[in-house]
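Remarks on the overall topology
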Amino acid sequence: MSPLPYDEMALPDGTVRPHHRPFADWLARTPPERIAQKREEAERAFHRLGITFAVYGDEGGTERLIPFDLVPRIIPAAEWEMLERGLKQRVRALNAFLQDIYHDQKILAAGIVPAERVLGNTQYRPEMQGVAVAGGIYAHIAGVDLVRAGEGEWYVLEDNLRVPSGVSYMLENRRMMMRLLPELFATQSIRPVQHYPDLLLSNLHEVSPAGEDAPTVAVLTPGAYNSAYFEHAFLAQQMGVQLVEGQDLFVQNDTVYMRTTRGPERVHVIYRRVDDDFLDPRAFRADSMIGVPGLFSAYRAGRVTLANAIGTGVADDKSIYPFVPDMIRFYLAEEPVLNNVPTFQCAKAPERDHVLAHLAELVVKEVHGAGGYGMLVGPASTAEEREAFRARILASPETYIAQPTLALSTCPTFVASGLAPRHIDLRPYVLSGRTINLCPGGLTRVALREGSLVVNSSQGGGTKDTWVVEN
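Let us look at the structure shown here. (Residues numbered from 1 in each chain as written. Predicted model: local features only at pLDDT ≥ 70, side-chain atom pairs only at ≥ 80, totals over all residues. Heavy atoms only, no water.)

1. Here's the deal with the overall build of the protein
If you tally the helices and strands in the protein, you get 14 helices and 23 strands. Relative to the compact-globule value of 23 Å for 471 residues, the protein shows a C-alpha radius of gyration of 22 Å, a close match. Along the three orthogonal principal directions, the C-alpha set of the protein runs to about 65 × 60 × 45 Å. As displayed, the protein has an accessible area near 19500 Å², and 51% of this comes from carbon and sulfur atoms. Once the 46 positive and 57 negative side-chain charges of the protein are each reduced to a mean point, those two points are 2 Å apart. (Helix = DSSP H or I, 4+ residues; strand = E, 2+ residues; numbered from the N terminus. Rg over C-alpha atoms; globule rule 2.2 N^0.38 Å. Areas by Shrake-Rupley, 256 points an atom, 1.4 Å probe, with all protein chains shown as cover. Lys, Arg positive; Asp, Glu negative; His and termini not counted. Charge placed at Lys NZ, Arg CZ, Asp CG, Glu CD.)

2. Some thoughts on the packing of aromatic side chains
Considering all chains together, one arrives at 14 aromatic pairs under this definition. Considering the side-chain rings of tyrosine 102 and tyrosine 124, the 5.2 Å spacing of their centres and the 5° angle between planes classify their relative orientation as stacked. Of this pair, tyrosine 102 sits in the loop between helix H3 (77–101) and helix H4 (106–109) while tyrosine 124 sits in the loop between helix H5 (115–119) and strand S4 (141–150), placing them 22 residues apart in sequence. Centre to centre, the rings of phenylalanine 250 and tyrosine 257 are 5.5 Å apart; their planes meet at 20°, and the pair counts as stacked. Site record: aromatic cluster; members linked through ring pairs are Phe23, Trp26, Phe185 and Trp467. (Phe/Tyr/Trp six-rings, centres within 6.5 Å; stacked < 30°, edge-to-face > 60°.)

3. Re the side chain of aspartate 465
When you line up the elements, aspartate 465 lands in strand S23 (residues 462–469). Relative accessible area serves as the criterion here: at 2%, aspartate 465 is assigned to the buried category. Within the structure, aspartate 465 has its side chain in polar contact with the side chain of arginine 174 (distance 2.9 Å). (Buried < 20%, exposed > 50% of the residue type's maximum accessible area, 1.4 Å probe, protein only. Polar contact = N/O pair within 3.5 Å; in protein donor to acceptor, adjacent residues only side chain to side chain.)

4. As for the environment of tyrosine 299
Looking at the element boundaries, tyrosine 299 is found in helix H10 (residues 295–300). For tyrosine 299 and arginine 29, which are 270 residues apart along the polypeptide, the C-alpha to C-alpha distance reads 58 Å. Setting aside anything within four residues of it in sequence, one finds tyrosine 299 in contact with Met128, Val133, Val304, Thr305, Leu306, Ala309 and Ile310. (Contact = heavy atoms within 4.5 Å.)

5. Topic: the sheet that holds strand S8 (residues 249–252)
The sheet built from 3 strands is open, its strands ordered S8-S9-S10 with antiparallel pairing. Edge positions in the sheet fall to S8 and strand S10 (265–266), since each of these pairs with one other strand and no more. The pairing of strand S9 (residues 255–258) with S10 spans 2 bridges and is antiparallel. Residue methionine 258 lies in a different strand from S10, and its bridge partner there is glutamate 265. (Pairing = 2+ DSSP bridges.)

6. Topic: the sheet that holds strand S17 (residues 400–404)
Reading across the sheet, the 4 strands line up as S14-S17-S15-S16 and stay open at both edges, with antiparallel pairing between neighbours. Across the chains shown, the open sheet's two edge strands, defined by having one partner strand only, are strand S14 (344–345) and strand S16 (375–377). The pairing of strand S15 (residues 362–366) with S16 spans 3 bridges and is antiparallel. From the neighbouring strand, lysine 365 faces S16, where its bridge partner is methionine 375. Contacts from helix H14 (residues 383–395) reach S15, S16 and S17 within the one sheet, and its direction differs from that of S16 by about 135°. (Axes fitted to C-alpha atoms, helices over the stretch in contact; angles between N-to-C directions.)

7. A word on the pairing of strand S3 (residues 68–76)
Most of S3 sits inside the fold, with 9 of its 9 residues counted as buried. Sheet topology places S3 next to S23; 6 bridges connect them, and they run parallel. Residue pairing in the sheet places phenylalanine 68 in a bridge with threonine 463 of S23.

8. Some details on the environment of serine 432
Along the chain, serine 432 falls in strand S20 (residues 429–432). Here serine 432 falls in the buried class, since its relative accessible area comes to 3%. Considered as a pair, serine 432 and serine 417 are 15 residues apart in the sequence and their alpha carbons are 43 Å apart. Not counting chain neighbours up to four residues away, the residues in contact with serine 432 comprise Val91, Asn95, Ile137, Ala139, His140, Asn203 and Val207.

9. Focus: unusual backbone geometry
Glycine aside, negative phi is the norm for most residues, and most peptide bonds take the trans geometry. Cis geometry marks the peptide bond from alanine 307 to asparagine 308; its omega dihedral reads 0°. Within the secondary structure, asparagine 308 sits in the loop between strand S12 (305–307) and helix H11 (313–316). You will see that asparagine 253, though not glycine, has its phi angle at about 50°, which is positive. Along the polypeptide, asparagine 253 turns up in the loop between S8 and S9. When its relative accessible area of 68% is taken as the criterion, asparagine 253 is described as exposed.

10. What to know about the packing of helix H8 (residues 196–206) against helix H9 (residues 229–239)
Contact pair H8 / H9: the axes reach a minimum separation of 9 Å and the direction vectors enclose 80°. In terms of orientation, H8 lies roughly perpendicular with respect to H9. Together, Tyr196, Pro197, Leu200, Leu201 and Leu204 of H8 and Leu235, Gln238 and Met239 of H9 make up the contact between the two elements. (Parallel < 35°, antiparallel > 145°, perpendicular 65-115°, else oblique.)

11. Re the pattern of salt bridges
Under the criterion given, the structure shown has 28 salt bridges. Here arginine 148 makes a salt bridge to glutamate 8, at a shortest N to O gap of 2.9 Å. Of this pair, arginine 148 sits in strand S4 while glutamate 8 sits in the segment before helix H1 (21–29), placing them 140 residues apart in sequence. On the basis of relative accessible area, glutamate 8 is assigned to the buried category, the value being 1%. Between aspartate 425 and arginine 445 there is a salt bridge whose closest N-O contact spans 2.8 Å. In this pair, aspartate 425 sits in strand S19 (residues 418–427) while arginine 445 sits in strand S22 (residues 443–446), placing the two residues 20 residues apart along the sequence. (Salt bridge = Lys/Arg side-chain N within 4 Å of Asp/Glu carboxyl O.)

12. Overview of the side chain of threonine 216
Position of threonine 216 among the secondary structure elements: in the loop between H8 and strand S6 (217–220). Side chain to side chain, threonine 216 and glutamate 265 meet in a polar contact 3.4 Å long. Apart from residues lying up to four places away in sequence, threonine 216 is in contact with Met258, Glu265, Arg266, Val267, His268 and Val269.

What follows is the structure in structure tokens.
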């Protein structure tokens, strides 16, 4: 791994990389006041559109604008093709793993993944054992987080298979860039992303219950107070389908119906943005006020498709992550195209001892954690924080993993002092139906605080447009 961060725009000698030259030239010839004007225009437009992200427990208010940066992250087409190949391979294997653990459990019998890691996992749903899902697909929408640590050194940081979010920002970022910089799109071959809602709808149609030629799709949201409500409403609007809450649906004879002004209408596919626990108060948490009573019964009977399937969380749990390369070999008989970040499992005594001896150098993560919470970034931590984590690891070693602190690649980013390098990651969205599809690029997230490696919106991160350009 490279000791210095890889600069996405420039070579070590300061020469601009070929695929970045058109944008770098535009940047050089555009007066600073004109750039400032465009940045202000983007911020006003995002405010006007209501593109916000709710941060729970934030004293500054419940809604926050996710900062948008004008400098795009640019990926050459040949490099994207390698990433696309690796992402499709990984999602195929993860879907095969989910199908297997809820049916034959061959990978557990073979001892490749320890049975207790799966069957004892809080995200494993025994209720799904033996349930047939449409097309054998569990993760219809996967958001796979990638990081670059050097030339050609791409790593999968984590797999998001439950209710991956952020795609609305990918689409709105592109819309904004096309509006602000039309001349760059006119003179370069930048692959489009605007067709994502059509791809998503097509994929959802493909996994509807058998025999449905014109299935009705709905997006199920927990409601307007959810942190990603803007995205739920945006995707429903873009796909031309209904946005519903639990109270808008009911189940009769194992069939799901939507209440409409014209009377009940059957729903065949639900793109749900509600966590497993809250989907059905009869099957899961009885105190859920946002679920649909009887939904799991209709799902088990094959009368409705849920995207993503119930129980997908076990495959994106950080305690399962180290085994994904083995899944690829086991199910596909292929070598992984994309590597995992080397990972120490604190459940194993020798690896735990190594982690405890090197806390100042490692990133330690809770296996069930998300959003950048519940983690220790060793090089940026205090002695007090490290000691607190040491105690936590010793008390519950199976709930922690650790990884080397990667020198994540950087991209020039507008901050208060001007352009400066900031660390970034990339979340492409992988859609599984009869085939596997991706939009070129994905959501680039940027850590706006100097030196920070945490890109999550809830932790003060921003976003950039991602361009895949022809070579």
